[in-house]
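A structural walkthrough
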Amino acid sequence: MKDLPLAELAGVEKQAFRDAMAHLGSAVNIITTDGVAGRAGFTASAVCSVTDSPPTLLVCLNRSASVYPVFQQNQVLCVNTLSDCHESLSNLFGGKTPMETRFAAAEWVAMATGSPALQGALTSFDCRISQVTRIGTHDVLFCEVIDILRSDDSHGLVYFDRRYHPLIRQQAPV
Ligand SMILES: NC(=O)c1ccc[n+]([C@@H]2O[C@H](COP(=O)([O-])OP(=O)(O)OC[C@H]3O[C@@H](n4cnc5c(N)ncnc54)[C@H](O)[C@@H]3O)[C@@H](O)[C@H]2O)c1
Ligand SMILES: Cc1cc2c(cc1C)N(C[C@H](O)[C@H](O)[C@H](O)COP(=O)(O)O)c1[nH]c(=O)[nH]c(=O)c1N2
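What you see is a predicted model, and the numbers here were worked out from it, not measured in a lab.

**Section: the confidence of the model for the protein chain**
Across the protein chain, the average pLDDT comes to 94, with 93% of residues at 70 or higher. Ranking the helices and strands of the protein chain by mean pLDDT puts strand 2 (residues 29-33) first, with 99, and helix 1 (residues 6-10) last, with 59. Scoring the predicted complex yields pTM 0.94 and, for the interface, ipTM 0.97.

Structure below.
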């Protein structure tokens, strides 16, 4: 038998995996960068905390994405976690739109690494990429967090079952 990846050996095919992964609700983020290779941004839900010592998160990036070479060269990024009013921005950064059109749709401020932080994001993590692991079609970017902006006055946004859902805070936003 030819050397098949384990998943194929086990008979798990791509669509079944995606259909199952659609049941994992997750935060929605716009990942941005700026630097020698210019400015870029994309929507990502494959983002999570790794460790708090040192503060580290991970972002999974498809190497086929148009933004991939920009992140690879800049080696810095900002994870902007979206609030309930950013659904259309998420779709804009979700692909097939010119980069200028993506950034023109919102207000940004440069963080210490130069990466753009989204005004009104729930939180923005300014990061340096500290380690990269290549797995299949994606790079897993391990990012050391060097600065954080946080806003407590808006509601959250979750992506579940291929749709966006607002996550309402218990107390009304101030
Ligand atoms: N990790 C990722 O690369 C990732 C995650 C979420 C969504 N997406 C992309 O966003 C678009 C909208 O996705 P959707 O959730 O509406 O429907 P979908 O059926 O394309 O994806 C369902 C779920 O499968 C997983 N998934 C999809 N494509 C993947 C990939 N190439 N690598 C790893 N996991 C993947 C994600 O968890 C996604 O939420 C699609 O083009 C999808 O490929 C990519
Ligand atoms: C809700 C949601 C969630 C994700 C995405 C999309 C959407 C709508 N996309 C896809 C990604 O945003 C898209 O492919 C990039 O913008 C690159 O597109 P272009 O190659 O620039 O057209 C995406 N891509 C990726 O590499 N990692 C991820 O975690 C996600 N998550």
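**Looking at unusual backbone geometry**
Here S53 and P54 are connected by a cis peptide whose omega angle stands at 0°. Counting through the fold element by element, P54 comes out in the loop between strand 4 (47-52) and strand 5 (55-62). With phi around 60°, Q75 is a residue other than glycine that occupies positive phi space. Look at R162: it is not a glycine, yet its phi comes out positive at around 70°. Positionally, R162 belongs in the loop between strand 11 (156-160) and strand 12 (163-167).

**Digging into the nonpolar core**
With 31 residues, the main nonpolar core has I31, F42, F71 and L77 as its most contacted residues. When contributions to this core are tallied by element, the ones reaching two or more residues are strand 2, strand 3 (40-44), strand 5, helix 3 (68-74), strand 6 (76-81), helix 5 (99-104), strand 9 (123-135) and strand 10 (138-150).

**Here's the deal with the side chain of D126**
Structurally, the position occupied by D126 is in strand 9. Salt bridges are absent for the buried D126, whose nearest opposite-charge side chain, R128, sits at 7.3 Å. There is a polar contact of 2.5 Å between the side chain of D126 and the side chain of T113. Setting aside its immediate chain neighbours within four residues, D126 contacts L77, M111, A112, T113, S115, E144, V145, I146 and D147.

**Quick look at the sheet that holds strand 5**
What the seven strands build is an open sheet, ordered 3-2-6-9-10-5-4; its pairing is antiparallel. Unpaired on one side and paired on the other, strand 3 and strand 4 mark the two borders of the sheet. Within the sheet, the average angular offset between the axes of one strand and its neighbour, ignoring direction, is 35°. In terms of strand pairing, strand 6 meets strand 9 through six bridges, oriented antiparallel. Note on strand 9: the bridge partner recorded for C78 is D126.

**Observations regarding the sheet that holds strand 11**
Adjacent strands of a sheet pair through backbone hydrogen bonds, lying either parallel or antiparallel. Ordered by their spatial adjacency, three strands build an open sheet running 1-11-12, and the pairing between neighbours is antiparallel. If you trace the sheet from one side to the other, it starts and ends with strand 1 (26-27) and strand 12, each paired once. Pairing between strand 1 and strand 11: two bridges, direction antiparallel. Directly across from S26, in strand 11, lies its bridge partner Y159.

**Description of the packing of aromatic side chains**
In the structure shown here, the tally under the stated rule is five aromatic pairs. Ring plane angle 90° and centroid distance 5.3 Å describe the contact between F42 and F71, whose orientation is recorded as edge-to-face. Residue F42 is located in strand 3, and its partner F71 is located in helix 3; the two are separated by 29 residues in the primary sequence. A connected cluster of aromatic rings, assembled from ring pairs, spans F93, F103 and W108.

The rules we used
Each chain has its residues counted from 1, following the order in which its sequence is written. Chains and ligands are labelled by the order in which they are written, letters from A for the one and numbers from 1 for the other. At least 70 in pLDDT is required for a residue's local features to be given in this predicted model, at least 80 for side-chain atom pairs to be given and counted, and no such filter applies to totals for whole chains, interfaces and linings, which use all residues. Water and hydrogen atoms play no part in the side-chain values, which are based on all heavy atoms of the structure. What pLDDT expresses is the predictor's confidence in each residue, scored from 0 to 100. What counts as a helix is a DSSP run of H or I of at least four residues, what counts as a strand is a run of E of at least two, and both are numbered from the N terminus. We call a set of buried residues a nonpolar core when its members are Ala, Val, Leu, Ile, Met, Phe, Trp, Tyr or Cys and they connect through side-chain atoms within 4.5 Å of each other. A simple rule labels every residue: compare its accessible area, found with a 1.4 Å probe on the protein chains alone, to the largest value its type can have, and call it buried under 20%, exposed over 50%, or partly exposed in between. Charge convention: Lys and Arg are scored as positive, Asp and Glu as negative, and His as well as the terminal groups of each chain are ignored. Take a side-chain nitrogen of Lys or Arg and a carboxyl oxygen of Asp or Glu: if they are within 4 Å of each other, that pair is a salt bridge. Within 3.5 Å is the distance limit for a polar contact, defined as a pair of N or O atoms, with the added protein rule that one can donate a hydrogen and the other accept it, and that residues adjacent in sequence qualify only through two side-chain atoms. Only heavy atoms matter for contacts: two residues are in contact if any of them lie within 4.5 Å across the pair. Strands qualify as paired when DSSP identifies two bridges or more between them. Comment: axis = line fitted to C-alpha atoms, over the contacting stretch for helices; angle = value between 0 and 180 degrees taken between N-to-C directions. Two rings belonging to Phe, Tyr or Trp (six-membered ring only in the last case) form a pair when the distance between their centres is within 6.5 Å. Interplanar angles under 30 degrees mark stacking, angles over 60 mark edge-to-face geometry, and anything in between is tilted.

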